[in-house]
Amino acid sequence: MMKYLYSFTAIGKREWIELKRYWFNSLIGLVIYIGIFAALFTGAQYIGQNNYALNESLEGFLIGYALWFMAMGAFSETAHSIIDEARKGTLEQLYMTEVPFVWLLISKNIISTVIFSILFFLITTVQMYITGIQVNVDVLSIFITLFIGLFSLYGVGLIMAGLGLLFKRIQNLLGVTQFIIVGVMILSPTDLPLIKFLPFVYSRELIMTIMMRGYSILQFTLIDWGFLIITSLVYLIIGILLYKMAEKEVLRRGMLGQY
């Protein structure tokens, strides 16, 4: 049991070291992201200056844009880490550790979730300052809902990681999938009820409710939490199973170290 804890701690230290070492790249990414948001928001505000309904939807745009940023990062994190490890030639070394490689990926995802949550609150605060729009920032409620919901995207990321093991270069597929996520983030379960079964959609709806209507986690029903948890677990389990299938095939072919 301790080896799992030690490996989790080691990955946490590694993520922190990389975050400090490459802080400039991360900072530039955030600046570009916020700059694009400011341009889009200014355009939307100008178009809707005489449209009350559109002005009301600007709150949703603020929150949805930040959640889209989180979703993109969570989805691509796993796949990119596999491709990067293979490119650097360290993937085989990770498979030689005493703990299963899937545990290393899940540990990285848990740590990434904490980092993404911090970034979400930071970005939302900056966006509120830029736009003057105030939303309910219930840190505990948002963190718990975001933490659970992101694991559905990690499941999708594991599927992409499995394809990355098999086919090595899947950047174009990742690019196409990112556009699909944009579409998913726009759609609402109110209009299309089946949409809520897609990864992260129900979590997004609950977070929008928290931030726009002032809800807390105590105001959601057990059905809400049960659906959110089960959906995330189903996608995560499917992702692990499909990744293990791809991993088995790659090991059978002796392709693990190839890039």
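Cut-offs used in this document
- Residues numbered from 1 in each chain as written.
- Predicted model: local features only at pLDDT ≥ 70, side-chain atom pairs only at ≥ 80, totals over all residues.
- Heavy atoms only, no water.
- pLDDT = per-residue confidence, 0-100.
- Helix = DSSP H or I, 4+ residues; strand = E, 2+ residues; numbered from the N terminus.
- Contact = heavy atoms within 4.5 Å.
- Phe/Tyr/Trp six-rings, centres within 6.5 Å; stacked < 30°, edge-to-face > 60°.
- Lys NZ or Arg CZ within 6 Å of the ring centre and 35° of its normal.
- Core = buried A, V, L, I, M, F, W, Y, C linked by side-chain atoms within 4.5 Å.
- Buried < 20%, exposed > 50% of the residue type's maximum accessible area, 1.4 Å probe, protein only.
- Expected span 1.5 Å × (residues − 1).
- Patch = residues over 30% accessible without salt bridge, like charges linked within 9 Å, V, L, I, M, F, W, Y side chains within 5 Å.
- Areas by Shrake-Rupley, 256 points an atom, 1.4 Å probe, with all protein chains shown as cover.
- Salt bridge = Lys/Arg side-chain N within 4 Å of Asp/Glu carboxyl O.

Caption draft 1: Region of the structure containing the confidence of the model for the chain. With 92% of its residues at a pLDDT of 70 or more, the chain has an overall mean of 80. For the chain, the element scoring lowest by mean pLDDT is helix 3 (residues 52-88), at 73; helix 9 (residues 222-253) scores highest, at 89. In the model, residues 50-55 has pLDDT below 50 throughout and makes 5 contacts with residues more than four positions away in sequence or in other chains.

Caption draft 2: Structural context of the packing of aromatic side chains. Taken as a whole and assessed by the stated rule, the structure comprises 12 aromatic pairs. Measuring from centroid to centroid gives 5.7 Å for Phe143 and Phe147, while their planes differ by 40°, and the two rings are tilted. Highlighted residues: Phe143 and Phe147, both in helix 6 (residues 139-167), separated by 4 residues, approximately one helical turn. Grouping aromatic residues by their ring pairs yields a cluster made of Tyr33, Phe37, Tyr65 and Trp68. The ring of Phe227 carries the charged tip of Lys196 above its face, separated from the ring centre by 5.3 Å.

Caption draft 3: Quick look at the nonpolar core. Residues Leu67, Ile82, Phe101, Phe120, Leu150, Phe200 and Tyr243 are the most contacted members of the largest nonpolar core, which totals 70 residues. Elements that contribute at least two residues to this core include exactly helix 2 (23-47), helix 3, helix 4 (91-95), helix 5 (101-131), helix 6, helix 7 (171-186), helix 8 (201-213) and helix 9. Once residues lying within four places of it in the same chain are set aside, the contact partners of Phe101 are Ile82, Leu91, Leu94, Tyr95, Tyr243 and Glu247.

Caption draft 4: Main features of helix 8. Between the first and last C-alpha of helix 8 there are 18 Å, a value that for 13 residues agrees with the 18 Å anticipated at 1.5 Å per step. Within helix 8, 10 of the 13 residues are buried, which leaves the element mostly enclosed by the surrounding structure. Residues of helix 8 that are buried include every one of Val201, Tyr202, Ser203, Arg204, Leu206, Ile207, Met208, Thr209, Ile210 and Met211, and no others. The first or second residue beyond helix 8 is Gly214, which carries a positive phi of 75°.

Caption draft 5: Looking closely at the environment of Leu67. Residue placement: Leu67 occurs in helix 3. What makes Leu67 buried here is its relative accessible area of 0%. On a C-alpha basis, the gap between Leu67 and Met208 in space is 9.4 Å, while along the polypeptide they are 141 residues apart. Beyond its immediate stretch of four places on either side in the chain, Leu67 contacts Phe120, Leu146, Met185, Phe200, Arg204, Ile207 and Met208.

Caption draft 6: Representation of the environment of Thr113 within the structure. Along the chain, the position of Thr113 falls in helix 5. With relative accessibility at 0%, the residue Thr113 sits in the buried group. Filtering out sequence-adjacent residues up to four positions away, Thr113 remains in contact with Phe147, Leu150, Phe151 and Tyr154.

Caption draft 7: Here's a closer look at a nonpolar patch on the surface. Side chains of Trp23, Phe24, Leu27, Ile28, Val31, Ile32, Ile36 and Leu40 sit close together on the surface and give an oily, nonpolar patch of about 770 Å² of accessible area. Tracing the chain through its elements places Trp23 in helix 2. When its relative accessible area of 51% is taken as the criterion, Trp23 is described as exposed.

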